[in-house]
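Architecture and fold: a report
The residues making up each chain are set out below.
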Amino acid sequence: GIQVEQSPPDLILQEGANSTLRCNFSDSVNNLQWFHQNPWGQLINLFYIPSGTKQNGRLSATTVATERYSLLYISSSQTTDSGVYFCAVEENNTDKLIFGTGTRLQVFP
Amino acid sequence: DVKVTQSSRYLVKRTGEKVFLECVQDMDHENMFWYRQDPGLGLRLIYFSYDVKMKEKGDIPEGYSVSREKKERFSLILESASTNQTSMYLCASSPQQGRAFFGQGTRLTVV
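Described in the following lines is the structure provided in the data block. Just so we're clear, the structure is a prediction, and the values are computed from it rather than from any experiment.

Here we look at the environment of Ser 80 of chain B
All names here are of chain B. Positionally, Ser 80 belongs in the loop between strand E8 (73–78) and strand E9 (87–94). Taking the C-alpha atoms as reference, Ser 80 lies 22 Å from Glu 69; in sequence the two are 11 residues apart. Sequence-distant contacts of Ser 80, defined by excluding residues within four places in its chain, comprise Gly 16, Glu 17 and Gln 85.

Details of the sheet that holds strand E1 (residues 4–6) of chain B
Residue and element names in this part refer to chain B. Spatially, 4 strands are ordered E1-E3-E8-E7 in an open sheet, and the strand pairing comes out antiparallel. In this open sheet, the two strands that pair with only one neighbour each are E1 and strand E7 (64–70). Taken pair by pair, the neighbouring strands of this sheet meet at an average axis angle of 20 degrees, ignoring direction. As paired strands, E7 and E8 are joined by 5 bridges and run antiparallel to one another. By the bridge assignment for E8, Val 66 is matched with Leu 76.

Digging into the nonpolar core
General note: in soluble globular proteins, nonpolar side chains tend to be found buried as a group. Ranked by size, the top nonpolar core spans 40 residues in total, and within it Trp 34 and Phe 99 of chain A together with Tyr 35 and Phe 102 of chain B carry the most contacts. With 6 residues, the single largest contributor to this core is strand E9 (residues 83–91) of chain A. Setting aside anything within four residues of it in sequence, one finds Phe 102 of chain B in contact with Phe 35, Gln 42, Leu 43 and Phe 99 of chain A together with Val 4, Tyr 35, Leu 43, Leu 90, Cys 91 and Ala 92 of chain B. The next biggest cluster of nonpolar side chains, apart from the first, holds 20 residues, and it includes Ile 60, Phe 74, Tyr 89 and Cys 91 of chain B.

Regarding the interface of chain A and chain B
Counting from both sides, the interface comprises 19 residues of chain A and, opposite them, 21 residues of chain B. Between chain A and chain B, a total of about 1700 Å² is buried, with carbon and sulfur atoms accounting for 50% of that surface. Taken together, chain A and chain B are joined by 1 salt bridge. Here Asp 59 of chain B makes a salt bridge to Lys 96 of chain A, at a shortest N to O gap of 3.6 Å. Here chain A and chain B share 11 residue pairs in polar contact (both at pLDDT 80 or more) between them. Counting residues per element, the ones that place at least two in the side of chain A that touches chain B are strand E4 (29–37), strand E5 (43–48), E9 and strand E10 (97–99) of chain A.

What counts as what
Residues numbered from 1 in each chain as written. Chains lettered and ligands numbered in written order. Predicted model: local features only at pLDDT ≥ 70, side-chain atom pairs only at ≥ 80, totals over all residues. Heavy atoms only, no water. Helix = DSSP H or I, 4+ residues; strand = E, 2+ residues; numbered from the N terminus. Contact = heavy atoms within 4.5 Å. Pairing = 2+ DSSP bridges. Axes fitted to C-alpha atoms, helices over the stretch in contact; angles between N-to-C directions. Core = buried A, V, L, I, M, F, W, Y, C linked by side-chain atoms within 4.5 Å. Buried < 20%, exposed > 50% of the residue type's maximum accessible area, 1.4 Å probe, protein only. Buried area = accessible area lost by both parts, 1.4 Å probe. Salt bridge = Lys/Arg side-chain N within 4 Å of Asp/Glu carboxyl O. Polar contact = N/O pair within 3.5 Å; in protein donor to acceptor, adjacent residues only side chain to side chain.

Given below as structure tokens:
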């Protein structure tokens, strides 16, 4: 099956810093999504981004499907950005949604 | 707003019991998913369903079964609970080719 790897696995930032999270996948996909899991375990959908670039406030995401990767940019990070960030891909010709390994982000004041 | 509701936030069951985890979505989504999340292992897909009465195995289906009799409801069944099924269980729904939304999770402990 498709492999989805994220880097870095852990990231520690001071408030106000910028960061880039990466998601690599091993095969063609139908779509790609980014999620944030807050400290209470709730997963929030940040982006549905099969290709191109999208922005939502301080967050933006870019997917280059032909090169099998996606990037999530967090600018001017805040303590509320802490948690785990996952990317998930939908395998071609199926509806299977497969998650990456996650990046744990800690933002300190 | 899309709402995905899981029947319990916390659940404690005994080894050998039959356990039902229920998930209901209110947005007429075609797809529904069950994952389990364990420390260091991320989210692993147990089963998913792309239509009523249709189901597909995910990566770790052993020891689980599912039921989707109505479009809005997707049930995960542990036929005979074991301690290695202690985990966080997460349900999600999505339209075809659309954003997935998650429930709040059920933390199951099997003693």
